Amino acid sequence: MSVRLMVSVFYRNGTALLRFNRTNDIRLLVRTKVAPRSVHTKALNPIVSHSNSPSSGWQNRWNLARRAFVDNLLSRVTNSLSADLRRRTARHLMYGNSRPFFALVGISLASGNGLITNENELEGVCWEIREAVGRMQKNLTVAERLDLNSSLGLKQFELGSVIAKGNNAVVYEARKIEEDTDPSNVFLKQESSIKKYPLAVKMMFNYDAESNAMSILRAMSRETVPSRCVQHNFSKTDQQWLIGYDHNLIKLSPHPNIVMMHLCFTDYVPELIDSHILYPQALPTRINPEGYGRNMSLFLVMKKYDMSLKQYLSKTPSLKIRDKILLLAQLLEAVSHLSNQNVAHRDLKTDNILLDVSEGNDVCPALVVTDFGCCLADKDNGLNLPYKTADTDRGGNIALMAPEVVTARPGTFGYIDYSKADVWAVGAMAYEIFSGSNPFYSYERGKPPLLRNSTYKEEDLPALSSDIPLIIQKLIHSLLQRSTSKRLDVSFAATVCQIYLWGPSSWITKYMMPTSNEVLQWMLCLTTKVLCEGGTMMSTLNTKQRTCTEYQLITTFLRRAKLYEIKNALYWMQSIQQE
């Protein structure tokens with residue numbers, strides 16, 4: 001950096017710092033303009049807005065440092081005649097509109113003039129990409145929020161027919177009752193299934209917890225981990241009690257590949273059509289004298305999905321290889337989100353993976369992970385579960401427990417590391433996705449499975465079809481390594497799938513390692529596509545170029561992408577091809 005440029009940067013940022021210390025009156029608030037066309041377009045039109053509420057001192061200093069970085073970068077990617085353009089671009093960026101900044105940086109990278117070479121600056125641009133995509137995802141989440149009232153309970157819903165029933169719960173299709181509808185007929189309209197039910201209400205079977213909200217929430221707290229809203233109509237005494245309920249419980253932030261759970265609340269168990277036939281033992285004695293259930297239970301309100309992954313795979317045996325890779329990538333992104341927030345699902349199986357096939361049968365469906373009743377979401381212990389006695393709950397579905405979990409032995413200082421347990425289950429389910437059968441399942445009564453998770457060896461894993469790309473085959477086998485030190489990290493595995501789907505083929509086939517500038521240029525292209533076209537695709541479901549599922553998958557990748565992780569994934573992919 002020349003002396004003249006150093007003096008210029010010091011003067012520009014020094015005056016800004018002095019101005020801040022003198023006035024201490026910087027106020028920033030990023031808002032999003034609401035477009036009336038569709039809820040999905042609300043995230044695409046940021047505008048500058050000011051608020052009278054003062055920002056924190058830390059936020060002000062962070063904005064100053066960020067502004068210094070942006071000014072320094074823009075001063076080198078634009079010429080001296082573009083000072084006004086640089087100022088406008090920086091101003092837009094600070095107020096939430098990243099597109100002009102990405103355009104200028106992208107043009108500089110595409111021209112190959114080498115003005116951006118510092119790795120820290122390149123990572124800074126990656127950070128701006130993550131922030132821009134994160135804002136769009138957050139605004140989409142806000143736009144999809146439903147106006148529900150937890151204090152009304154079941155009175156605000158009209159229930160339809162049964163979608164599914166398990167040992168611990170039953171799921172009904174549902175819709176919100178309009179204001180002009182008589183709520184007294186909520187349970188009498190189940191026969192009119194012609195209506196569209198966009199929601200699903202899951203009623204948990206309560207055999208043990210007392211019939212009050214606090215006891216039920218404490219007993220079934222793990223079911224509420226992905227919920228965006230928990231019942232809040234408590235008295236002051238109950239609110240103090242509630243501190244113990246969620247003090248150590250991690251609450252998941254929204255993610256496109258995690259079930260969209262709008263609300264959870266407690267209410268009295270209703271008498272519904274066919275309830276005496278489907279789950280008579282779970283009914284309270286006021287409904288069924290021979291039942292063992294309690295009067296109240298937990299209700300979870302979520303988006304209604306079309307089918308489970310298990311049902312989808314059985315209905316579409318001739319699925320395209322690319323669609324199978326898209327399903328695997330979505331599943332890895334979901335588990336990566338869980339791992340990043342120190343949550344382990346511990347019950348991953350194709351029955352607990354739901355799909356949205358609303359785009360049509362010829363398009364890969366959107367995938368979400370559901371059923372968190374066995375999850376580990378402890379703020380104190382994280383992903384390391386103390387294992388002192390054999391009575392400790394290790395999760396559900398013992399057939400897909402990772403080797404380090406199923407072979408663990410209790411002890412005074414014993415613990416189980418779940419940091420890579422879910423990704424092992426994903427590797428096992430990948431066999432179901434790509435070959436139709438899971439080697440760790442027994443498909444005939446009395447016949448043992450092909451492999452056991454406690455004793456198998458890596459060389460015993462069945463060979464996958466030659467139609468599956470070599471990189472995906474090696475990826476699946478790497479996910480099923482017995483040793484956690486050799487098993488791929490879930491974020492790394494998800495990055496490999498994303499690069500294979502969207503990266504230039506020359507990065508893999510020609511063994512040419514791209515430079516950091518080339519990787520960043522590729523990321524900027526994806527970001528531009530998502531910011532400019534993603535919302536339109538999500539709102540119109542136009543499948544001429546990319547599908548809504550593909551745009552969501554790219555968005556989740558850009559939301560967490562780091563330059564060094566992408567380069568490490570590329571090194572691994574090229575090493576596989578060169579073997």
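Residues numbered from 1 in each chain as written. Predicted model: local features only at pLDDT ≥ 70, side-chain atom pairs only at ≥ 80, totals over all residues. Heavy atoms only, no water.

(A) A look at the packing of aromatic side chains. Within the structure shown, the criterion is met by ten aromatic pairs. Linked through ring pairs, F157, F265 and F299 together constitute an aromatic cluster. Its guanidinium or amino end placed over the ring of Y418, R346 lies 5.3 Å from that ring's centre, counting from NZ or CZ. Here the basic side chain of R482 rests over the ring of Y456, its NZ or CZ set 5.1 Å away from the ring centre. (Phe/Tyr/Trp six-rings, centres within 6.5 Å; stacked < 30°, edge-to-face > 60°. Lys NZ or Arg CZ within 6 Å of the ring centre and 35° of its normal.)

(B) Just the sheet that holds strand 5 (residues 199–204), in detail. Strands sit in the order 3-4-5-7-6 across an open sheet of five strands; the sheet is antiparallel. The sheet is open, and its two edges are formed by strand 3 (157–165) and strand 6 (261–268), each paired on a single side. Here the average twist between neighbouring strands, direction ignored, is 30 degrees. Relative to strand 7 (residues 296–303), strand 6 runs antiparallel, the two sharing seven bridges. The residue of strand 7 that forms the bridge with T266 is L298. (Pairing = 2+ DSSP bridges. Helix = DSSP H or I, 4+ residues; strand = E, 2+ residues; numbered from the N terminus. Axes fitted to C-alpha atoms, helices over the stretch in contact; angles between N-to-C directions.)

(C) Region of interest: the sheet that holds strand 9 (residues 353–356). Strand order in the open sheet made by the three strands is 8-9-10, with antiparallel pairing throughout. A strand with exactly one partner marks an edge of an open sheet, and here the two such strands are strand 8 (307–308) and strand 10 (366–369). Looking at chain direction, strand 8 and strand 9 are connected through two bridges and run antiparallel. Counted as the bridge partner of S308 is L354 from strand 9.

(D) Just the pattern of salt bridges, in detail. Counted by the stated rule, this structure contains ten salt bridges. Close ionic contact of E550 with R322 constitutes a salt bridge, the shortest N to O distance being 3.6 Å. Residue E550 is found in helix 17 (residues 548–560), and its partner R322 is found in helix 10 (residues 321–340); the two are separated by 228 residues along the sequence. Note on E550: relative accessible area 9%, which makes it buried. With a relative accessible area of 35%, R322 lands in the partly exposed category. In this structure, E333 engages R560 in a salt bridge whose closest nitrogen and oxygen atoms are separated by 2.9 Å. In this pair, E333 sits in helix 10 while R560 sits in helix 17, placing the two residues 227 residues apart along the sequence. Residue class for E333 comes out buried when judged on its relative accessible area of 1%. What makes R560 buried here is its relative accessible area of 12%. (Salt bridge = Lys/Arg side-chain N within 4 Å of Asp/Glu carboxyl O. Buried < 20%, exposed > 50% of the residue type's maximum accessible area, 1.4 Å probe, protein only.)

(E) Fine view of the pairing of strand 9. Where burial is concerned, the two faces of strand 9 agree: the one with I353 and L355 and the one with L354 and D356 are both buried. Pairing of strand 9 with strand 10 involves four bridges; the strand directions are antiparallel. Counterpart to I353 in the pairing with strand 10 is V369.

(F) Layout of the nonpolar core. In this structure, L332 and W522 are the most contacted members of the largest nonpolar core, which totals 129 residues. Taken domain by domain, the makeup of this core includes at least three residues from each of domain 1 (154–178 + 194–304) and domain 2 (309–502). Not counting residues up to four positions away in its chain, the partners in contact with L332 are V423, V426, L475, L479, V490, A493, A494 and C497. (Core = buried A, V, L, I, M, F, W, Y, C linked by side-chain atoms within 4.5 Å. Domains from an automatic or database assignment. Contact = heavy atoms within 4.5 Å.)

Worth remembering: the numbers are spatial, not functional.
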